[in-house]
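# Coordinate inspection notes
Spelled out from the first residue to the last, the chains are:
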Amino acid sequence: MGELRSTLGTWVDGHAVVLMGLLVLLAGLLSVTAVTAWRLWQGRRRLRKRLESAHSELSDLRGRDPLTGLVDRETFEKELVAAISAAEGRAGGLCVAYLGLDGFRAINDAYGLRIGDAVLREIGNRLSVWLDGRPQVTRLGGDEFALFCTADASALDALAEALQRLVAQPLKVEALSLQIGLSIGLAVYPDDGARPRLVAHAGLAMRTVKQTGGNGHARYDPAMAVNHREHSELVQELRHALARGQLQLVYQPKVDARSLQITAAEALLRWQHPKRGLVSPAVFIPLAERHGLIRAIGAWVIEEACRQASQWREVGLRMRIAVNISGHQLRAEDFVDQLLDSLRRHGIPPNRMTCEITENLAIEDTPATRLAFERMRRAGLHVSIDDFGAGFSSSLAQIRRLAPAELKIDGGLVADIDQQEAARAIVRAIVQLARSLQLQVVAEGVETEAQRDALVALGADQLQGYLFAKPMSATALALWASGDGPATASAFRPSLFDPTAPAMLDGPEPSITSRK
Ligand code: C2E
Ligand code: CA
Ligand code: CA
């Protein structure tokens, strides 16, 4: 009996242990399952939250420009319709402003899309803040924006100036400080068009501003549509101008600021149009650039200037010849080779040719422009930075890297020099910069003796402007040199028959291997 009890006891003990084990296992399993379930639930919750926030971001973005976060065109148009109906019968007009950034492409090309995008975001942000976040501004694509606000005809100038100031503030992007200009077209409701035409009309006005050099504003005028047609006609005619022999060069001397001897003659293009008369290069050069005609025209300018310089050299006139170079030419791979080829064929040493390149082009700083500068320098060409101090502010480092031979101070600064201390201060700084880099300083657009005296006092090396001579034909320049010119020309005469320009820049003339 006792044996049975003990056997039973052992059996019960054994099973109790197994049971306990099973219970522990079950509890373990249950807790693992609970933890897994908890984790799964948490994960799902997180996922759902993410999904919800993505949905809300998406619905935020719906109706918005993904780059700038401004309302899209459709929303903008709806807001404009609502604003127009609200304005109906109320005093105070409604104005649409169409904004085009000037020189944005150059920024994109020079610094890349990331910086370009950051510039657009910043401009969008400034405009949005300016409008207190109201959905009254949109990006129309690329570097163009449109906005509307209450303003009648008398307030348009003030409106445009406020926008100019807003955009002109330096843009701090990464380590860069950039500046950008603005072209503004304005259209007032209802005088300048019914609602569906307002934005287009403001756009046309903006394009007119761009055509005339940008960085300004214009109100829509029905004549602009006609001008647009005229403009297409002009492009057509420009295509044939070269072949029809309608292009010519005139020459304007640069003179030494102290001795008044001629140092160079700058070739300036003219278009003798059969019906319109003389068309200014300020009008047709931008057209030629926009319509792919500038390379052919530019090549002709170089060829013709070399031919003329060679003819002058034959009669003993040995000043340097200067040509203006467009960005489109500079970016062409074979530009320097073609230039050297023209020089060689006409027997002009490269250091007798000045290539005038505008400052805003020079600071583009793309591999193509950098290479062109390097090649020009290696070939011994004399490079001048034109319109210096007009727009973009080049850094000392940039100018040093480009290593030009001269800086040509913008005529706008020269115009103010005898009146404004600010203009004098800028010119003083430019002269100092040039001294430290051993560059020559040329001041252009000198019209008065007061300007001349101020420039001489500030240390400009060479002067150019109507005070000394207007651009003239090659024949007039040669006649002038031989004594048939106006009495004031006598001061220049002796220099024309000497090898001119300072020795520092020139050195000895290299021997010419192939004369024409
Ligand atoms: P730019 O190179 O800055 O040339 C100076 C402009 O100022 C010229 O106008 C010249 O005639 C004018 N000017 C000279 N002295 C005075 C002065 O004392 N007072 C005033 N108010 N103006 C003066 P232009 O000949 O009408 O040329 C305008 C622009 O067209 C030039 O500016 C240049 O950027 C461009 N251009 C002219 N010829 C060519 C060319 O062959 N190729 C290229 N790419 N551009 C050219
Ligand atoms: Ca020039
Ligand atoms: Ca200039």
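You'll find the structure just up there.
Residues numbered from 1 in each chain as written. Chains lettered and ligands numbered in written order. Predicted model: local features only at pLDDT ≥ 70, side-chain atom pairs only at ≥ 80, totals over all residues. Heavy atoms only, no water.

### Things to note about the overall build of the protein
Test applied: Each helix is a run of DSSP H or I of at least 4 residues and each strand a run of E of at least 2, with the numbering of both proceeding from the N terminus. Here the term buried applies to any residue with accessible area under 20% of the maximum for its type, exposed to any over 50%, and partly exposed to those in between, with areas from a 1.4 Å probe on protein chains only.
When helices and strands are tallied, the protein shows 20 helices and 16 strands. In the protein, which comprises 516 residues, the proportion classed as buried is 45%.

### Looking at the coordination of the calcium ion (ligand 3)
Note the threshold: Sodium, potassium and calcium take a 3.2 Å donor cutoff, other metals 2.8 Å, and in both cases only N, O and S atoms count; water is not among them, so sites may look incomplete.
Distances from the calcium ion (ligand 3) to its protein donors, namely Asp386 (OD), Asp387 (OD), Glu444 (OE) and Glu444 (OE), fall within the range 2.0 to 2.8 Å. Between consecutive donor residues of the calcium ion (ligand 3), the sequence gaps follow D-D-x56-E. In this structure the calcium ion (ligand 2) is found 4.2 Å away from the calcium ion (ligand 3), and Asp386 serves as a bridging donor for the pair. Of this pair, Asp387 sits in strand S13 (residues 382–388) while Glu444 sits in the loop between strand S15 (440–443) and helix H17 (449–458), and the two are 57 residues apart along the sequence.

### With respect to the pairing of S13
So the rule is basically this: What makes two strands pair is DSSP finding at least two bridges between them.
Counting buried positions over the 7 residues of S13 gives 6, a clear majority of the element. Inspection of the sheet shows strand S12 (residues 353–358) paired to S13 by 5 bridges, in the parallel sense. Bridge pairing links Glu356 to Ser384 in S13. As defined by bridge partners, S13 adjoins strand S14 (residues 406–409) across 3 bridges and the pair is classed as parallel. By the bridge assignment for S14, Ile385 is matched with Leu407.

### A word on the site of ligand 1
Rules: The near set for a molecule or strand comprises every residue that places at least one heavy atom within 4 Å of it. Counting of polar contacts relies on pairs of N or O atoms within 3.5 Å, with two restrictions inside protein: one atom must be capable of donating a hydrogen and the other of accepting it, and residues adjacent in sequence are counted only when both atoms are side-chain atoms. In short, Shrake-Rupley with a 1.4 Å probe defines the accessible areas, and a residue's cover is counted only from the protein chains shown.
For ligand 1, the set of nearby residues contains 19 residues, the closest of which are Gln252, Arg270, Asn324, Glu447 and Tyr466. Contacts to ligand 1 include Arg270, whose side-chain N or O atom sits 2.9 Å from an oxygen atom. A distance of 3.1 Å is found between an oxygen atom of ligand 1 and a side-chain nitrogen or oxygen belonging to Asp386. Computed on the free molecule, ligand 1 has an accessible area of 790 Å², of which 78% lies beneath the protein chains in the complex. For the shell around ligand 1, the elements supplying multiple residues, two or more each, are strand S9 (262–273), helix H8 (281–290) and S13. The element contributing the most residues to the shell around ligand 1 is S9, with 4 residues.

### Comments concerning the coordination of the calcium ion (ligand 2)
Ideal coordination angles are 109.5 degrees for a metal with four donors arranged tetrahedrally and 90 or 180 degrees for a metal with six donors arranged octahedrally. The coordination sphere of the calcium ion (ligand 2), as far as protein atoms go, consists of Glu266 (OE), Asn324 (OD1), Glu356 (OE) and Asp386 (OD), spread over 2.2 to 2.3 Å. Between consecutive donors of the calcium ion (ligand 2), the numbers of intervening residues give the motif E-x57-N-x31-E-x29-D.

### Concerning the packing of aromatic side chains
So the rule is basically this: Paired rings are identified among Phe, Tyr and Trp, the last through its six-membered ring, by centres lying within 6.5 Å, and are further divided according to the angle between planes into stacked (under 30 degrees), edge-to-face (over 60) and tilted (the rest). Geometrically, a charge over a ring is one whose NZ (Lys) or CZ (Arg) sits within 6 Å of the ring centre while staying within 35 degrees of the ring normal.
This structure, assessed with the given rule, holds 3 aromatic pairs. Ring geometry for Tyr251 and Trp312: centres 4.8 Å apart, planes at 70 degrees, overall edge-to-face. Taken together, the positions of Tyr251 in strand S8 (residues 247–256) and Trp312 in helix H9 (residues 294–314) put the pair 61 residues apart, joining distant regions of the chain. Each member of the pair, Tyr251 together with Trp312, is buried. The cationic tip of Lys470 hangs over the ring face of Tyr466; the distance from NZ or CZ to the ring centre is 4.7 Å.

### Some thoughts on helix H6 (residues 195–211)
Selection rule: What a helix is expected to span follows from its residue count: subtract one and scale by 1.5 Å.
Under the 1.5 Å per step criterion, the end-to-end length of H6 is 25 Å for 17 residues, consistent within 8% with the ideal 24 Å. If you check which residues of H6 are buried, you get Leu198, Val199, His201, Ala202, Gly203, Leu204, Ala205, Met206 and Val209.

### Quick look at the sheet that holds strand S3 (residues 144–150)
How we decide: Axes here refer to lines fitted to C-alpha atoms; in helices the fit is confined to the stretch in contact. Angles between the N-to-C directions go from 0 to 180 degrees.
Across the sheet, which stays open at both edges, the 5 strands sit in the order S2-S3-S1-S6-S7 with mixed pairing between neighbours. In this open sheet, the two strands that pair with only one neighbour each are strand S2 (137–141) and strand S7 (216–219). On average, each strand axis in the sheet is tilted by 20 degrees relative to the strand beside it, whichever way the strands run. Two elements, strand S1 (residues 94–102) and strand S6 (residues 181–189), share 9 bridges in a ladder whose sense is antiparallel. Within S6, the position partnered with Leu94 by the bridge is Tyr189.

### Section: the pattern of salt bridges
Pairs may arise between side chains of opposite charge once their charged atoms sit close together. To keep it simple, the criterion reads: Here a salt bridge means any side-chain nitrogen of Lys or Arg lying within 4 Å of a carboxyl oxygen belonging to Asp or Glu.
According to the stated counting rule, one finds 28 salt bridges in the structure shown. In this structure, Glu374 and Arg377 form a salt bridge, with 2.5 Å as the shortest nitrogen-oxygen distance. One end of the pair is Glu374 and the other is Arg377, both in helix H13 (residues 367–378) and 3 residues apart, which spans about a single turn. For Glu374, a relative accessible area of 28% corresponds to the partly exposed category. A salt bridge links Arg378 to Glu374, with the shortest nitrogen-to-oxygen separation between them at 3.2 Å. Pair noted here: Arg378 and Glu374 are both in helix H13, with a separation of 4 residues, about one helical turn. Ionic contacts of the salt-bridge type, sharing partners, join the residues Lys254, Glu266, Glu356, Glu406, Lys408 and Glu444 into one network.

Don't take any of this as a statement about function, it's just geometry.
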